[in-house]
Amino acid sequence: MKKSFLSSLLLSVLLLAGLSFSCSEHEPNFDAAAAERAGFTLADVQRAFETAYASVPSTRTDGGFDENRVLDPCGIDPAWESVSFCCGDSLMLADVPFVARYDYRVLRWDEDGFPSLSALPGWLVVAKDSATGLTGSWLFFLIPDADAASGFSGTALYATLSGQPVSVGKFVGGTLVAEASLFDDARTAEENAGLLAGLLPDTHVARLRKQPATRATADTAIYKNIDIETVEVVGHAPIKTPGPGGAPVYTKPIGDGHGSSAPPLILTMNHLFRGDSEGGFSSDSDGEVPYPHNPCIKADKEIRPILDSIYMDCMGQLLINAIKTNVPIVREPDRSGCGVETTTTNFPNGVQVISHRILTGPKVTSVMLMEELMHIYQGAGTPAFKEAKLNKEIEAKLTWYIYMKNNDIKISTDKAFGDIQGDMCFSLMRECILSNDWDDDVFRLFYEGAAESLRTIRAYRNEVAYPFDPNNMDFSCLLQLLEDCKDK
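A short tour of the structure in this document, coming up.

Quick notes on the rules
Residues numbered from 1 in each chain as written. Predicted model: local features only at pLDDT ≥ 70, side-chain atom pairs only at ≥ 80, totals over all residues. Heavy atoms only, no water. Helix = DSSP H or I, 4+ residues; strand = E, 2+ residues; numbered from the N terminus. Patch = residues over 30% accessible without salt bridge, like charges linked within 9 Å, V, L, I, M, F, W, Y side chains within 5 Å. Areas by Shrake-Rupley, 256 points an atom, 1.4 Å probe, with all protein chains shown as cover. Salt bridge = Lys/Arg side-chain N within 4 Å of Asp/Glu carboxyl O. Lys, Arg positive; Asp, Glu negative; His and termini not counted. Charge placed at Lys NZ, Arg CZ, Asp CG, Glu CD. Buried < 20%, exposed > 50% of the residue type's maximum accessible area, 1.4 Å probe, protein only. Pairing = 2+ DSSP bridges. Phe/Tyr/Trp six-rings, centres within 6.5 Å; stacked < 30°, edge-to-face > 60°. Lys NZ or Arg CZ within 6 Å of the ring centre and 35° of its normal.

## Some thoughts on unusual backbone geometry
Notably, cysteine 74 is not glycine yet its phi reads approximately 55°, a positive angle. Relative to the assigned elements, cysteine 74 resides in the loop between helix 3 (42-54) and strand 1 (76-78).

Laid out in structure tokens, this is it:
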């Protein structure tokens, strides 16, 4: 039964590919000038979208969460400056990233029932049939599998502008293995709806609302060049398709006032999930792959050697192994320094999930990366971390300072510690920690001197964003790393 099901699907795909328009017939052209010569200008794309969107008034307002319409964007604001064009012999496409009223994520649960959120990339797609002049506007989403490796594995989905799924394609390792569409005339509407539902089993989507940043977190974001976000999950539900338990099954599929009769084939959008020049696709939105020594950490080929250098150290190895949640390390060419982006997600059932990304510039070093990994190990984003944030900075900096001295890394540290006094205080604290002689008034003077020096650095001047408690000399994370490493 399963074999005949897949066979009929693949046969359907081949038949549809022969009868439909496809930009994959020839190499796509992403040049706006070429699209303009073909009579498909940005103004044409905008006009086609606005005409289609005008007939979908329900997306303009937020009437509350409707689990039957979890993909309804509740407002579409295309980023026209980022439009890409694709011109084939018979079909012209424009894909545009868009901003909706809410953010959307794929929601999954681990074996312990703990929820996690992953990216749900989406685009507005405007298509034009060059033979008839008809246009259509659709939403296109990619839902990567949780364990995807090389080549895109997951689900590609077309939806109407109101979020109704109409076409779905299933990929394994970059290969389309099954496809279903409500617009397939070779089957009945009920059959198409059943096939569509079969390709979206238990695919849950969460709708997120960002909460306004406080003055303290806004100041931290400015000074540290990082983003701090709190988001609330306003609802989540499986993606529902027409049929039993979902929307009505139409005799003829009804779009959102589209001029064209059907969306393009799934494969016409392969430039969006090709990923890189070699055709690979990572399941993470930032393109990182799991680090072999700890798959929770995701890093690219430039970052992995830096992680290797940390892992060769005894303390560094324990620190990397201590990271238990997914942490992508993202390089951004225009970023200076290194920082942790922390997102707190509040679920309706009261569960709170804190997730992290490390954002680095092109000149990241092992010392910089170790400090941010230490912050995650310390519990960045938790109330205990926020209430003594400058204390946590002292512990994290002392950790990499010990690592640096153990590995004879020659870098100037006075700027990292604020001034010469700060450099001296961290040096003396290191000696006290390594000799297990730090629980006295003398060490407290070094500790408070280190805090005073860090306050001279712009990032740490805001006492609301970086509170300091002189009575909270907590070095538990550092001592845990040092427990078996003092003589190594």
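## With respect to a negative patch on the surface
A surface patch of like charges, here negative, comprises Asp437, Asp439, Asp440 and Asp441. Residue placement: aspartate 437 occurs in the loop between helix 12 (420-434) and helix 13 (441-454). By relative accessible area, aspartate 437 is classed as partly exposed at 43%.

## Let's talk about the pairing of strand 10 (residues 175-181)
Across the 7 residues that make up strand 10, a large majority, 5, are buried. Bridge analysis of strand 9 (residues 165-172) against strand 10 gives 6 bridges, and the strand direction is antiparallel. In the sheet register, lysine 170 faces strand 10, and the bridge partner there is alanine 178. Following strand 9, the chain reverses through 2 residues before pairing antiparallel with strand 10; glycine 173 in that reversal takes a positive phi of roughly 55°.

## Quick word on the packing of aromatic side chains
Overall, the coordinates contain 15 aromatic pairs when judged by the stated rule. Measuring from ring centre to ring centre gives 5.7 Å for tyrosine 447 and phenylalanine 468, while their planes differ by 35°; the resulting arrangement is tilted. Here tyrosine 447, found in helix 13, pairs with phenylalanine 468, found in the loop between helix 13 and helix 14 (476-482); they are 21 residues apart in sequence, far enough to count as distant. With a centroid separation of 5.0 Å and an interplanar angle of 80°, the aromatic rings of tyrosine 460 and tyrosine 466 are classed as edge-to-face. The side chain of lysine 389 reaches across the aromatic face of tyrosine 466, ending 4.8 Å from its centre.

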